[in-house]
Amino acid sequence: MPGTLSIDVTSIEEAYQEFLSEYPEYNTTLSLDELRANEFSRIDKNGHTYLDFVGSNLYPASLVKEHQEYLLNNVYGNPHSINPTSSLATKYCEQARNYVKKYFNDIDDEYVVVFTMNASGALKLVGESYPFNDDSYFLLTADNHNSVNGIREFVRNTKASFAYTDIDQDTLFIEQDKLNNVLSSVDKKNKLFAFPAQSNFSGVKHDLGLIDKAHEYGWDVLLDAAAFVPTGKLDLSVYKPEFVSVSFYKMFGYPTGIGCLMMKKTVLSKLKRPWFAGGTIAIASVKADDHYMADNEVGFEDGTINFLNIPAVEMGLKYLEGLGLKKIQDRVFSLARWTLNELLSLKHDSGVSLIHLLGTSDMSKRGATITFNVRSKDGEMVFYEDVEKDAMTMNISLRAGCFCNPGADEAASNLTIEALRPIFETGEKLSYARFIEQVKKFTRGAVRVSFGHISNFNDAYKFVSFIKTYLNR
Ligand SMILES: Cc1ncc(COP(=O)(O)O)c(C=O)c1O
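Because the structure is predicted, anything quoted here is derived from the model rather than measured.

**Side note on the pairing of strand E6 (residues 220–224)**
- Of all the five residues making up E6, five are buried; the element is thus mostly covered by neighbouring parts of the structure.
- Neither face of E6 is left uncovered, since the one carrying Asp220, Leu222 and Asp224 and the one carrying Val221 and Leu223 both have all their residues buried.
- Bridge count between strand E5 (residues 190–196) and E6: five bridges; the pairing is parallel. Looking at E6, one finds that Phe193 is bridged to Val221.
- The parallel pair E5 and E6 is bridged by helix H10 (residues 210–216), and the resulting crossover is right-handed.
- Taken together, the three bridges between E6 and strand E7 (residues 243–247) define a ladder with parallel strand orientation. Bridge pairing links Asp224 to Ser245 in E7.

**Quick look at the sheet that holds strand E12 (residues 369–374)**
- Across the sheet, which stays open at both edges, the four strands sit in the order E11-E12-E15-E14 with antiparallel pairing between neighbours. The open sheet has two edge strands with one neighbour each: strand E11 (355–357) and strand E14 (399–401). Within the sheet, the average angular offset between the axes of one strand and its neighbour, ignoring direction, is 35°.
- Here three bridges tie E14 to strand E15 (residues 446–450), and the two strands are oriented antiparallel to one another. Of the residues in E15, the one forming a bridge with Gly401 is Ala446.

**Considerations on the site of the ligand**
- Close to the ligand lie 13 residues; Asn118, Ser120, His145, Asn200 and Ser247 are nearest.
- Each residue belonging to the shell around the ligand can be placed in one class, and the counts come to five nonpolar, seven polar and one charged.

**So, the domain arrangement of the protein**
- Structurally, the protein comprises domain 1 (9–58 + 324–402 + 445–468) and domain 2 (74–322).
- Each of domain 1 and domain 2 has a C-alpha centre, and these two points are 31 Å apart.
- Each partner contributes to the interface: domain 1 provides 22 residues, whereas domain 2 provides 21 residues.
- Among the elements of the structure, helix H13 (325–345) and E12 are those that each provide at least two residues to the side of domain 1 that touches domain 2.
- Ranked by residues supplied to the side of domain 1 that touches domain 2, first place goes to H13 with four residues.

What counts and what doesn't
Residues numbered from 1 in each chain as written. Predicted model: local features only at pLDDT ≥ 70, side-chain atom pairs only at ≥ 80, totals over all residues. Buried ≥ 20, exposed ≤ 12 C-beta atoms within 10 Å, placed from the backbone. Helix = DSSP H or I, 4+ residues; strand = E, 2+ residues; numbered from the N terminus. Pairing = 2+ DSSP bridges. Right-handed = clockwise from strand over helix to strand, strands pointing away. Axes fitted to C-alpha atoms, helices over the stretch in contact; angles between N-to-C directions. Near = placed C-beta within 6 Å. Nonpolar A, V, L, I, M, F, W, Y, C, P; charged D, E, K, R; others polar. Domains from an automatic or database assignment. Contact = placed C-beta atoms within 7 Å.

The structure is reproduced here in structure tokens:
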């Protein structure tokens with residue numbers, strides 16, 4: 001236990017003034033403090049320090065109220081019929097769909113938007129529909145969320161092959177030479193390359209130029225943008241991956257249960273759903289034992305869409321536009337830079353640095369996410385779960401572990417296949433706790449904090465003060 005955190009009001013005020021002069025762009029974001037006071041008063045009322053914006057964004061009260069009013073002021077029936085309540089629901093869902101295209105700047109109308117439960121639902125649709133056979137190949141970066149890694153299990157059940165491409169142990173960037181070698185040498189009809197726009201593990205931003213590079217060699221690209229779009233601009237008129245996955249609660253906090261898969265229309269003809277459901281077919285016959293799938297997004301949306309909540313997506317996107325991405329970025333990057341610099345300056349009296357940063361320290365190449373290990377004065381790693389538990393006692397919400405991204409963790413920890421394979425060969429289905437026991441001696445795991453549009457200096461200051469309690473221990 002690090003003990004109680006006592007923060008002196010004068011010292012925080014002094015630090016804040018210094019911060020403002022060092023990061024003048026933060027001054028242009030002060031309206032977000034007002035927003036926090038008006039729309040997010042529940043954070044400070046409950047004494048929370050919320051630093052898990054990659055996990056989930058927080059929602060403004062007005063978004064919930066606007067949606068509630070929308071629901072309470074009219075009658076919405078199951079969409080896609082012509083009756084009045086159904087037409088109304090269809091109208092607002094289609095309006096939201098078009099707004100998603102507008103938000104991501106699909107100016108040439110090249111994409112369809114398929115509403116899913118979340119980013120994982122979007123990724124699963126790609127995995128189950130892509131033509132994996134003896135003339136296809138799946139390439140993915142070691143840095144990927146498990147919901148992308150899981151696509152390999154669809155591949156495993158076919159005659160297609162898959163392979164991982166490495167990330168650098170220190171910077172956690174994709175190793176470009178190795179990637180280029182694979183991109184240029186695989187000779188298959190259908191080739192799918194998957195990478196995250198921003199790592200949910202380290203926060204590093206991968207080069208979106210890889211999309212064009214992969215296209216040059218005839219690959220289809222799956223861009224997992226879930227961790228990138230809450231603070232980054234994905235412009236589909238510039239970058240045109242075949243598939244993009246997002247979760248909307250990560251962008252504006254509400255509602256949960258809706259994400260989308262944006263798919264380039266040109267790729268639709270090669271996809272085949274493994275089944276059909278209510279809503280996905282143009283026609284189906286029992287006696288003739290046959291069916292035709294519906295065109296475009298309809299063929300991918302199983303059953304009744306989340307028609308009551310989908311209209312809130314348009315409201316959420318408008319909310320973000322109202323704030324402006326520039327303001328959000330100035331806010332989160334000033335806070336993240338300050339925090340990173342503070343953390344990197346901390347040393348035990350023994351001379352050992354308190355923090356081991358994972359991924360590049362170049363803030364222009366990472367999002368507002370900082371992932372690190374805490375070191376003891378003897379240079380030992382403090383177990384990440386202990387840091388998380390200590391943070392809990394101070395009402396600080398941060399994350400610890402590998403964040404569903406084992407590949408990035410394994411690279412950062414330099415874990416070898418020799419260390420890992422035996423764990424899977426005992427025949428014993430390990431619980432996560434037992435797995436951690438086994439790998440604890442090898443894996444670093446990590447602690448992650450991430451800032452969002454209504455984070456403030458107090459959050460950053462409180463967090464750094466918390467980390468300082470590990471000094472000389
Ligand atoms: C990069 C990335 N991809 C995919 C996901 C999965 O998102 P969801 O759990 O909303 O399906 C996450 C969640 O944290 C993520 O950060």
